[in-house]
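Spelled out, the chains give:
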Amino acid sequence: MFSLAIDYVILVTVATCGVIQLAAAWSGLRGLLIARHARASYALGTALIVGAWAWFVAIGDPAKPGDLTKIEGAEQFGLFLAGAAAGTLLTALASSVTQWRAPLRRDRSLEASPEGLDALRDDVWLRRIATRFSRKASRD
Amino acid sequence: MISADVRIFHWLNGLVGRSSLFDNVVNLLASDFFLPVMITMAAFALWFVGKTPQARALNQRAFLYAAIGAGFANLLVRIVNGHLYRARPFIAMPDTEVLFYRPHDPSFPSNAAAFAFAITAGVFLVNRRWGMVIAAGAVLFTVARVIAGMHYPLDIVSGALLGILTTWVFAKALDVADPLLQRMLAVVRWFHLA
């Protein structure tokens, strides 16, 4: 559809969203789930991974015999990291939107919650970031 | 050693053309995209996996070992390729059955093997069970590359060793530079992404 490099980044971005859904559901990171329930998240994650591959294969198989189209190894790895970062950010934003009103947790103070990804067991990413920045601004 | 390498190559490459189903499966497994992406995705998933913060921190370390190892293994293959040229099997032996496009970069050592086994080693150093799953993917990928006529077995073995050793060395270096690594992770953790 686009150039192979862009198609590849889209594949990795969407598949990353799927992988994060599976991993977050498995690890109980409810704030990262786009769907509210773990079972739905497993289904969504699988659908995103399979769908991304189906799309990538459907737009043309770059590995078919005689086709010289290819992404060089180092470039492919760089594009993978870019796609994975984009997929992570996209998941954090999408889950924040879909779970914003979900009754994940009542006490929203930073002190009462764990750090890092563990804070997303019971809160959404965007709210944690917003709370963090508003706290920092009020302190400054 | 070289003659044994060519003999094993002929035996594996001789499997091509007997069944279109087999050829299609090998074509998929040897693809530049399918297994490399699945292997790297499986390693990346570890970033989010862990029932406790401690378990997740270990898994995140595995992904960092894998990613840094793979990046440097890629670089090392490029350096070796600049000094050593071994023609691809289909260039050296025109009767080779090729299931794929025909790359013209050097055959030795295999960049594909270096990458796949660098990722495998990074994960295996921390999470044996997950490492075995990824290793199965790496073996399938690299054997398929030989069957598809892209590499000699020796290219794969040397690439795999280079990938494993590179990851091991950089994993040890990361362990030494642990305070710096922890500081970097703390920044990512501040953003609730680690």
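Computed from a predicted model, the values in this text were never measured in an experiment.

A. Spotlight on the interface of chain A and chain B. With 45 residues of chain A at the interface, the matching set in chain B holds 41 residues. When the two sides are added together, the surface that chain A and chain B hide from each other amounts to roughly 3,700 Å², 70% of it contributed by carbon and sulfur. A per-residue breakdown of the area chain A buries against chain B is headed by Trp53, Phe77 and Leu117 of chain A, which together make up 17% of the total. Here chain A and chain B share 1 salt bridge between them. Between arginine 56 of chain B and aspartate 118 of chain A there is a salt bridge, and its shortest N-O distance comes to 2.8 Å. Across the chain A-chain B interface, the total number found is 11 residue pairs in polar contact (both at pLDDT 80 or more). Breaking the side of chain A that touches chain B down by element, the ones donating at least two residues are α1 (4–27), α2 (38–58), α3 (73–99) and α4 (125–139) of chain A. It is α1 of chain A that contributes the most residues to the side of chain A that touches chain B, 10 residues altogether. Within the side of chain A that touches chain B, the residues separate by chemical class into 28 nonpolar, 7 polar and 10 charged.

B. Main features of the confidence of the model for chain B. Averaged over chain B, the pLDDT score is 93; the fraction of residues at 70 or greater is 100%. Interface confidence for the predicted complex, expressed as ipTM, amounts to 0.88; the pTM equals 0.90.

C. Main features of α4 of chain A. Here α4 of chain A contains 15 residues, and its C-alpha end-to-end distance of 21 Å stays within 8% of the 21 Å for a straight helix at 1.5 Å per residue. On its buried face, α4 of chain A is in contact with α3 of chain A together with α9 (178–190) of chain B.

D. Molecular detail of the packing of aromatic side chains. Applying the stated criterion across every chain yields a total of 13 aromatic pairs over all chains. When the ring of tyrosine 8 of chain A is compared with that of phenylalanine 33 of chain B, the centres are 5.6 Å apart and the planes differ by 55°; the resulting orientation is tilted. A residue pair is termed interchain when its members come from two chains, as with tyrosine 8 of chain A in helix α1 and phenylalanine 33 of chain B in the loop between α2 (20–30) and α3 (34–45). For the pair shown, tyrosine 8 of chain A and phenylalanine 33 of chain B are each scored as buried. Members of the aromatic cluster, joined through ring pairs, are Tyr8, Trp53 and Phe56 of chain A together with Phe33 and Phe34 of chain B. If you follow arginine 127 of chain A out to its NZ or CZ, it ends over the ring of tryptophan 100 of chain A, 4.6 Å from the centre.

E. Region of the structure containing helix α1 (residues 2–13) of chain B. Residue and element names in this part refer to chain B. Taking 1.5 Å per residue as the helical rise, α1 with its 12 residues ought to reach 16 Å, and the 16 Å between its terminal C-alpha atoms agrees with that figure. Within the sequence span of α1, burial applies to Asp5, Phe9, Leu12 and Asn13. An end-on view of α1 places all buried positions within 90° of arc, on one side of the element. Residues of α1 that are exposed and angled more than 90 degrees away from the buried face: Arg7 and Trp11.

F. Spatial organisation of the pattern of salt bridges. Using the criterion set out here, one finds 11 salt bridges over all chains in the structure. Between arginine 121 of chain A and aspartate 118 of chain A there is a salt bridge, with the nearest N and O atoms lying 2.9 Å from each other. Among the residues examined, aspartate 118 of chain A registers a relative accessible area of 7% and is labelled buried. Arginine 128 of chain A is paired through a salt bridge with aspartate 123 of chain A; the nearest N and O atoms lie 3.3 Å apart. Members of the salt-bridge network, linked through shared partners, are Asp118 and Arg121 of chain A together with Arg56 of chain B.

G. Spotlight on the side chain of threonine 88 of chain A. Mapped onto the elements, threonine 88 of chain A comes out in helix α3. Other than its neighbours up to four places away in sequence, threonine 88 of chain A contacts Thr16 and Ile20 of chain A together with Phe44, Phe48 and Leu193 of chain B.

H. Structural context of the nonpolar core. Formed by 87 residues in total, the largest nonpolar core has its most connected members in Tyr8 and Leu32 of chain A together with Trp47, Phe48 and Ile119 of chain B. Here the element with the most residues in this core is α1 of chain A; it accounts for 10 residues. The contacts of tryptophan 47 of chain B, once residues within four sequence positions are left out, are Leu117 of chain A together with Arg56, Gln60, Phe63, Leu64, Leu185, Val188, Leu193 and Ala194 of chain B.

I. Representation of the environment of leucine 75 of chain B in the model. All names here are of chain B. Position of leucine 75 among the secondary structure elements: in helix α4 (residues 53–83). Here leucine 75 falls in the partly exposed class, since its relative accessible area comes to 46%. Note: C-alpha distance between leucine 75 and aspartate 32 (43 residues apart in sequence) is 18 Å.

J. View of a nonpolar patch on the surface. Residues Leu89, Leu93, Trp100 and Leu126 of chain A make up a contiguous nonpolar surface patch of about 330 Å² in total accessible area. Assignment of secondary structure puts leucine 89 of chain A in helix α3.

K. Highlighting the packing of α3 of chain A against α4 of chain B. Where α3 of chain A meets α4 of chain B, the axes come as close as 9 Å, and the angle between the chain directions of the two elements is 155°. Taken together, α3 of chain A and α4 of chain B sit at an angle that is classed as roughly antiparallel. For α3 of chain A against α4 of chain B, the interelement crossing comes out left-handed. Contacts between α3 of chain A and α4 of chain B involve Gly73, Ala74, Phe77 and Leu81 of chain A on the former and, on the latter, Phe63, Ala67, Ala70, Gly71, Asn74 and Arg78 of chain B. A class-by-class count of the residues in the contact of α3 of chain A with α4 of chain B yields 6 nonpolar, 3 polar and 1 charged.

Quick notes on the rules
Residues numbered from 1 in each chain as written. Chains lettered and ligands numbered in written order. Predicted model: local features only at pLDDT ≥ 70, side-chain atom pairs only at ≥ 80, totals over all residues. Heavy atoms only, no water. Contact = heavy atoms within 4.5 Å. Buried area = accessible area lost by both parts, 1.4 Å probe. Salt bridge = Lys/Arg side-chain N within 4 Å of Asp/Glu carboxyl O. Polar contact = N/O pair within 3.5 Å; in protein donor to acceptor, adjacent residues only side chain to side chain. Helix = DSSP H or I, 4+ residues; strand = E, 2+ residues; numbered from the N terminus. Nonpolar A, V, L, I, M, F, W, Y, C, P; charged D, E, K, R; others polar. pLDDT = per-residue confidence, 0-100. Expected span 1.5 Å × (residues − 1). Phe/Tyr/Trp six-rings, centres within 6.5 Å; stacked < 30°, edge-to-face > 60°. Buried < 20%, exposed > 50% of the residue type's maximum accessible area, 1.4 Å probe, protein only. Lys NZ or Arg CZ within 6 Å of the ring centre and 35° of its normal. Arc of directions from axis to C-beta. Core = buried A, V, L, I, M, F, W, Y, C linked by side-chain atoms within 4.5 Å. Patch = residues over 30% accessible without salt bridge, like charges linked within 9 Å, V, L, I, M, F, W, Y side chains within 5 Å. Areas by Shrake-Rupley, 256 points an atom, 1.4 Å probe, with all protein chains shown as cover. Axes fitted to C-alpha atoms, helices over the stretch in contact; angles between N-to-C directions. Parallel < 35°, antiparallel > 145°, perpendicular 65-115°, else oblique. Left-handed = near helix turned anticlockwise from the far one by under 90°.

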